[in-house]
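Each chain, letter by letter, is given below.
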Amino acid sequence: LAHKSKFLHSDTWICGPTTTGTSYNAPCFSSASGTKQRLACEHPQLYRPPWSARLIAQRPDRNPKSRGHQFMMPVKKDLLQRLAEGVVVGDGGMCWTLEQRGYSSIRFTPEAAVENQDAVLQIHREFVHNGAEVLQAGTFWPQGSNREDFDYLAVNNAACSLVRQAADETPDSVLVAGSISRSKAYKNGKGRAVVQAEFRDQLELFVKNNVDFVVAEFLDVIDETEWAIEVLKTSGKPVMATMCIGPQGDIDGVSPQECAVRMANAGADLVGVNCRFGPAKCLETIAMMKQGLTAAYLGHI
């Protein structure tokens, strides 16, 4: 809860809140001498994270002038705010990387979130080190009989905890995303109510773990994609939706242009494609989606 930094002057102190939100005496350090001190923290909401040292270095006007001074933590920009300023780089390939490093599970690779937590955390950290501004929780949603003998809640909660830990270690505010995937109920013709109940089950975990935005991904039918987006919008968080389609459209022949427009009208803030095809086909499909959005006066999506 205390942090020593070379960027801080000797009269600058850092402390943080307790988990209960009550005041406490936190051990703090002088960057000049390293001498331990104690400082009462009367206002836990004024928590200054370790990366505040970087803020002070960049903003001298915010450097406190007296011992014990604290300031409000900067508000973290959400995904849409960042996109308005430029490109946002995400991560990808957690399962593939785990398998390449020998952490493949007998059943499901995402079980590494419980069985090999250090390996998962290390990969998250490497993504950030190489420029990722978004980390995705490595969750997994079993379908049918697999659901009965797989403790998916334990795995998924662990995955959310690990990705948040990695994001909170970063000097900048890395965002955390949680994703839902296709429903077997849709393939079995169960109908909108049953399918959306499964999506709500998946979303509940991410709301509980307070991810920064939510994603509907790896969907190949626009109808199911719309249903997923409708559920995600209830979270109040930014919604991203991606489909496994190429230039020919979804499996029912709906064009990329129409898919993009329907996703936007369902409430998606971002739309795109997944990795069923190679980069060239994906870029071609995205260009077609953008054409459809522009023609429908939805070019801001």
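Here goes a summary of the coordinates provided.

**Here's the deal with the pattern of salt bridges**
Within this structure, the stated rule accounts for 13 salt bridges. Taking the shortest distance from any N to any O, the salt bridge between K187 and D220 comes out at 3.1 Å. Placement of the pair is K187 in helix α7 (residues 184-187) and D220 in the loop between β5 (213-219) and α9 (222-233), with a sequence separation of 33 residues. Each of R182, K187, D220 and R276 takes part in one network of salt bridges that share partners.

**Topic: the packing of helix α8 (residues 192-208) against α9**
Their axes nearest at 9 Å, the elements α8 and α9 cross at an angle of 50°. Viewed along their axes, α8 and α9 adopt a mutual orientation that is oblique. At the point where α8 passes α9, the crossing takes the right-handed sense. Within the contact between the two elements, α8 uses R192, V195, Q196, F199, R200 and L203 and α9 uses E224, W227, A228, E230, V231 and L232. Across the contact of α8 with α9, the residue classes break down as seven nonpolar, one polar and four charged.

**Comments concerning unusual backbone geometry**
Apart from glycine, the bulk of residues carry a negative phi angle, and the bulk of peptide bonds sit in the trans form. Look at N210: it is not a glycine, yet its phi comes out positive at around 55°. With respect to the secondary-structure elements, N210 resides in the loop between α8 and β5. Located in the positive-phi region is Y297, a residue other than glycine, with phi close to 60°. On the secondary structure map, Y297 appears in the segment after α11 (279-295).

**With respect to the nonpolar core**
Residues L135, F206 and M263 are the most contacted members of the largest nonpolar core, which totals 64 residues. In terms of residue count, the dominant contributor to this core is helix α6 (residues 152-168) (nine residues). If we skip the residues at most four places from it in the chain, L135 touches D91, H124, F127, V128, V163, A166, A167, V174, L175, V176 and A177. Core analysis: the next-biggest nonpolar cluster, separate from the first, contains eight residues, L79, V134, F213 and L270 among them.

Rules used in this analysis
Residues numbered from 1 in each chain as written. Predicted model: local features only at pLDDT ≥ 70, side-chain atom pairs only at ≥ 80, totals over all residues. Heavy atoms only, no water. Salt bridge = Lys/Arg side-chain N within 4 Å of Asp/Glu carboxyl O. Helix = DSSP H or I, 4+ residues; strand = E, 2+ residues; numbered from the N terminus. Axes fitted to C-alpha atoms, helices over the stretch in contact; angles between N-to-C directions. Parallel < 35°, antiparallel > 145°, perpendicular 65-115°, else oblique. Left-handed = near helix turned anticlockwise from the far one by under 90°. Contact = heavy atoms within 4.5 Å. Nonpolar A, V, L, I, M, F, W, Y, C, P; charged D, E, K, R; others polar. Core = buried A, V, L, I, M, F, W, Y, C linked by side-chain atoms within 4.5 Å. Buried < 20%, exposed > 50% of the residue type's maximum accessible area, 1.4 Å probe, protein only.

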